[in-house]
Amino acid sequence: MFLDPNYIRNRIRTVPDWPEPGVLFRDITPLLQDPRSFRVLIELFVYRYMNQRLDLVAGIDARGFIVGSVIAHELNLGFVPVRKKGKLPFDTIVEQYQLEYGSASVEMHADAVRPGQRVLLVDDLVATGGTMLAGMKLLQRLGANVVEAAAVIELPRLGGAQAIREQGLNLYTVCQFEE
């Protein structure tokens with residue numbers, strides 16, 4: 001598939017000073033609102049993973065749910081949500097991770113995956129990598145083989161992609177924002 005490398009990147013809105021001063025928030029909603037752009041995004045992932053013998057797609061709360069569930073549907077796979085703590089109604093396992101100032105936790109159902117299942121882990125953005133790594137650890141604790149992590153956006157300056165790769169997990173991102 002021929003595609004201008006900036007096609008997806010150019011459809012992501014930058015919102016300055018949100019959620020706090022000095023932050024440039026990368027908003028994927030314009031990308032999702034345009035049917036052609038959304039389709040192109042999903043097709044990029046589908047073509048990458050269609051022959052990877054995956055069993056499940058796991059998506060990280062919340063925008064990872066949007067992208068991940070559509071990828072799962074297109075690949076005829078099940079979908080597993082990795083949620084913020086306290087949002088799931090059944091028996092869960094929890095993984096805590098560090099933020100710049102403090103910590104947070106994600107969880108998933110204790111029966112979400114079976115040992116040996118091949119799982120793709122999806123989110124919209126990789127910044128520091130903490131959430132993606134916490135999702136990977138949850139899946140691995142249940143015996144899953146996390147084949148790759150994938151995201152729409154990478155922010156290389158924040159070091160998350162490097163941290164993910166240093167933990168032995170391959171990472172695929174569609175575009176980067178250096179600033």
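The structure this text deals with has already been given above.
All of these numbers come straight from a predicted model, not from anything done at the bench.

Caption draft 1: Structural context of the overall build of the protein chain. The number of helices and strands found in the protein chain is five helices and nine strands. Secondary structure elements of the protein chain occur, N-terminal to C-terminal, as β-β-α-α-β-α-β-β-β-β-α-β-α-β. When burial is assessed residue by residue, the protein chain has 47% of its 179 residues classed as buried. Within the protein chain, contacts between residues at least 6 apart in sequence are counted, and of these 57% link residues at least 24 apart. In the form shown here, the protein chain has an accessible surface area of approximately 9500 Å², with 48% of it arising from carbon and sulfur atoms. Looking at the protein chain, you have 19 positive and 21 negative side-chain charges, and the mean spots of the two groups are 2 Å apart.

Caption draft 2: Expanded view of the sheet that holds strand β6 (residues 102-109). The seven strands are arranged β5-β6-β4-β3-β7-β8-β9 in an open sheet whose pairing can be described as mixed. The sheet is open, and its two edges are formed by β5 (92-99) and β9 (171-176), each paired on a single side. The mean inter-strand angle of the sheet, taken between neighbouring strand axes irrespective of direction, is 20°. Relative to strand β7 (residues 118-126), strand β3 (residues 56-60) is paired through four bridges, and the arrangement is parallel. The partner of G59 across the bridge, within β7, is V122.

Caption draft 3: Quick look at the pattern of salt bridges. Counted by the stated rule, this structure contains six salt bridges. In this structure, R39 engages E43 in a salt bridge whose closest nitrogen and oxygen atoms are separated by 3.9 Å. Within this pair, R39 and its partner E43 are both found in helix α2 (residues 35-49), separated by four residues, close to a single helical turn. Look at R39 and you get exposed, because its relative accessible area is 54%. The class for E43 is buried, based on a relative accessible area of 18%. Across the pair D124 and R63 runs a salt bridge whose closest N-O atoms are separated by 2.6 Å. A residue pair is termed long-range when its members are at least 10 positions apart, and D124 in strand β7 and R63 in helix α3 (residues 63-74) qualify at 61 residues. Under the relative-accessibility criterion, D124 is labelled buried at 4%.

Caption draft 4: Fine view of the packing of aromatic side chains. In this structure the tally under the stated criterion is three aromatic pairs. Here F45 and Y172 contribute two aromatic rings whose centre-to-centre distance is 5.8 Å and whose plane-to-plane angle is 90°, an arrangement assigned as edge-to-face. A residue pair is termed long-range when its members are at least 10 positions apart, and F45 in helix α2 and Y172 in strand β9 qualify at 127 residues. The class of Y172 is buried, set by a relative accessible area of 18%. Relative to F79, the ring of F65 lies with its centre 6.1 Å away and its plane at 85°, an arrangement referred to as edge-to-face. With F65 in helix α3 and F79 in strand β4 (residues 78-84), this residue pair connects regions lying 14 residues apart in the sequence.

What counts as what
- Residues numbered from 1 in each chain as written.
- Predicted model: local features only at pLDDT ≥ 70, side-chain atom pairs only at ≥ 80, totals over all residues.
- Heavy atoms only, no water.
- Helix = DSSP H or I, 4+ residues; strand = E, 2+ residues; numbered from the N terminus.
- Buried < 20%, exposed > 50% of the residue type's maximum accessible area, 1.4 Å probe, protein only.
- Contact = heavy atoms within 4.5 Å.
- Areas by Shrake-Rupley, 256 points an atom, 1.4 Å probe, with all protein chains shown as cover.
- Lys, Arg positive; Asp, Glu negative; His and termini not counted.
- Charge placed at Lys NZ, Arg CZ, Asp CG, Glu CD.
- Pairing = 2+ DSSP bridges.
- Axes fitted to C-alpha atoms, helices over the stretch in contact; angles between N-to-C directions.
- Salt bridge = Lys/Arg side-chain N within 4 Å of Asp/Glu carboxyl O.
- Phe/Tyr/Trp six-rings, centres within 6.5 Å; stacked < 30°, edge-to-face > 60°.

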